[in-house]
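Understanding the architecture of this molecule
The chain contents come next:
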Amino acid sequence: MANVKAFYKNRVYCTKFITHYMKLLLKQVIITDLQSPFNGQQKDIFIDNGLVVAIEDQLENDEATIVNEPGIYVSPGWVDIFSHFCDPGIEYKETIETGAAAAAAGGYTTVFTLPNTNPAVAGKTQVEYIVQRGRSLPVTVMPLAAITQNIEGKDLAEMYDMHNSGAVAFTDGLQPVQTPGLFLKALQYVKAFNGVLIQLPVDKSIGKSGLMNEGIVSTRLGLPGVPEIAEELMVTRDIELARYTHSKLHITGVSSAKCIELISQAKQDGLQVTCSVTPYHLFYCDEDLASYDTNLKVDPPLRDRQNMLALRQALLEGKIDCIATHHLPQDWDNKVCEFEYAKHGMSGLESSFRVINTIFENLSDQQLINLFSSNARTIFGLPSASIQPGSRAQITLYSRQSESAFTKADNKGKCSNNAFINNVLKGKVVGIINKDLLYLNK
């Protein structure tokens, strides 16, 4: 422990450092937590055995590991609600361990993992497998379980059993439920335990051979397009089903301005409908595909500039509830190929915060934390992670001011299909504190 204390007092940082700690002292950090009486204040925080013991102007403890770096903010631990860790069955793309490392590097203390594995997370055994594999990791890994058996879109899975085994919510992930009658039954089913369904807004019957957004750019590039109506019909349908059932619905990966307005109207009507967007739909538009960069082949596709700017405005107006990374690792063979044959998806846990902080330099600290933590905790019924004496330490440490290039070295997952590599981005994730573990980035 003496070596660890000297390590931080000398302020020498390694690329990745994880340690169990008994006592930890954060010096002069700025607290961003609306639920905390110390919100907006610069304080010392003393943590002992994973619990926040004291928050004062000045604290000293000779036995504590000390983290002391100027300009650090702390907030309740961030939550990502839609990430693919590819385990079991597709471990050559990602594992629960490498996915957790990517999440920790990106500032996330909790991640919801997709059920699109082999076998699919469609039964209690698979749910328990993921829960057990994640117990010793610095990030809390929470499985999303399938709505339908084997994600085939035919019959409902045993969602009640999976809920009891630890499933945080339900989705068919990358293969959204296409049959309205089946999705209606699912919405009714989860009411028994106040569950939430997550839906990717893609109608697979429209533009099923499309490779990008349908519009002027797709015509110019000679690529078949996916029209916005494929997304808008799905969102309209699912909102009406949620209206009929009075169930909880979260729509993720929204890329259309019209869909944001549909969701906003549903909220005004008193429906339990929420939404999330990805960093890449806020940063890029279809014009950026001029180079045929396969890392920008995503689903739903990047829309036109007008939609991108409308999403940015909607975020500032509070119409978007969460940032969802849609972390989807793809190996070299599935991305370094012709655009037509490349698989959809982008990795993004490590870059998510920096992308949002770069786009929205004037976004308030509280808006930022609502998007990355507070709203997701409310929507999915997660325990509070408020930073105050007596609470369990589940904390993200970050800075909003520094600026540097995002490089392959920043990528901690197995795959590097991230379009933000070599982009200069603003902000820095210093590390996380979770499950009595301290994880610090370089």
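Shown above is the structure to which this text applies.
Residues numbered from 1 in each chain as written. Predicted model: local features only at pLDDT ≥ 70, side-chain atom pairs only at ≥ 80, totals over all residues. Heavy atoms only, no water.

**Some details on the overall build of the protein chain**
Along the protein chain, the regular secondary structure elements total twelve helices and 19 strands. For 442 residues, the compact-globule formula gives about 22 Å, and the C-alpha radius of gyration of the protein chain, at 21 Å, lands near that figure. Taking the principal axes of its C-alpha atoms as reference, the protein chain extends roughly 65 × 50 × 40 Å. Burial statistics for the protein chain: of 442 residues in total, 61% are counted as buried. For the protein chain, restricting intrachain contacts to residue pairs at least 6 apart in sequence, the fraction spanning at least 24 positions comes to 76%. Charge-centre separation for the protein chain: the mean point of 40 positive side chains lies 2 Å from the mean point of 47 negative side chains. (Helix = DSSP H or I, 4+ residues; strand = E, 2+ residues; numbered from the N terminus. Rg over C-alpha atoms; globule rule 2.2 N^0.38 Å. Buried < 20%, exposed > 50% of the residue type's maximum accessible area, 1.4 Å probe, protein only. Contact = heavy atoms within 4.5 Å. Lys, Arg positive; Asp, Glu negative; His and termini not counted. Charge placed at Lys NZ, Arg CZ, Asp CG, Glu CD.)

**Focus on the nonpolar core**
Among the nonpolar cores identified, the biggest contains 90 residues, and Ile-147, Met-159, Phe-170, Leu-197, Val-273, Leu-282 and Phe-372 are the most heavily contacted of them. Here this core takes six residues from helix H2 (residues 96-105), the largest share from any one element. Dropping the residues within four chain positions of it, Met-159 is found in contact with Ala-146, Ile-147, Phe-170, Ala-186, Tyr-189, Val-190, Phe-193 and Leu-197. Within the second largest apolar cluster, 21 residues are counted, among which are Leu-26, Val-67, Ala-393 and Ile-395. (Core = buried A, V, L, I, M, F, W, Y, C linked by side-chain atoms within 4.5 Å.)

**Some words on helix H10 (residues 305-316)**
Along its twelve residues, H10 runs 17 Å from first to last C-alpha, staying within 8% of the 16 Å computed at 1.5 Å per residue. Residues Asn-307, Met-308, Leu-311, Ala-314 and Leu-315 constitute the buried set of H10. Each buried residue of H10 lies within a common arc of 120° when the element is viewed along its axis, so the set occupies one face. Buried positions along H10 lie against helix H8 (257-268), strand E15 (273-277), helix H9 (279-283), strand E16 (322-323) and helix H12 (365-379). (Expected span 1.5 Å × (residues − 1). Arc of directions from axis to C-beta.)

**Things to note about the pairing of strand E14 (residues 248-252)**
Burial analysis of E14 places five of its five residues in the buried class, which makes it a mostly covered element. Where burial is concerned, the two faces of E14 agree: the one with Lys-248, His-250 and Thr-252 and the one with Leu-249 and Ile-251 are both buried. Of the pairings in the sheet, the one linking E14 to E15 comprises four bridges and is parallel in character. Following the sheet pairing, Thr-252 is matched in E15 by Ser-276. Since E14 and E15 lie parallel, the crossover through H8 that links them has a hand, and here it is right-handed. (Pairing = 2+ DSSP bridges. Right-handed = clockwise from strand over helix to strand, strands pointing away.)

**Quick look at the packing of aromatic side chains**
The final tally for this structure, using the stated rule, is 15 aromatic pairs. Aromatic pair Trp-78 and Tyr-398: ring centres 5.4 Å apart, planes at 50°, arrangement tilted. Separated by 320 residues along the polypeptide, Trp-78 in strand E7 (residues 78-83) and Tyr-398 in strand E17 (residues 395-405) bring together distant segments of the chain. Of the two residues, Trp-78 and Tyr-398, both sit in the buried class. The interplanar angle of 80° and the centroid separation of 5.0 Å between the aromatic rings of Phe-283 and Phe-420 together place this pair among those described as edge-to-face. Of the two residues, Phe-283 is situated in helix H9 and Phe-420 in the loop between E17 and strand E18 (424-434); the sequence distance between them amounts to 137 residues. Judged by relative accessible area, Phe-283 falls into the partly exposed class, the value being 22%. Residue classification places Phe-420 among the buried positions, given a relative accessible area of 2%. (Phe/Tyr/Trp six-rings, centres within 6.5 Å; stacked < 30°, edge-to-face > 60°.)

**Quick word on the environment of Glu-340**
Checked against the element boundaries, Glu-340 lands in the loop between E16 and helix H11 (352-359). Considered as a pair, Glu-340 and Met-212 are 128 residues apart in the sequence and their alpha carbons are 10.0 Å apart. If near-sequence neighbours (up to four positions away) are discounted, Glu-340 is found in contact with Leu-211 and Lys-297.

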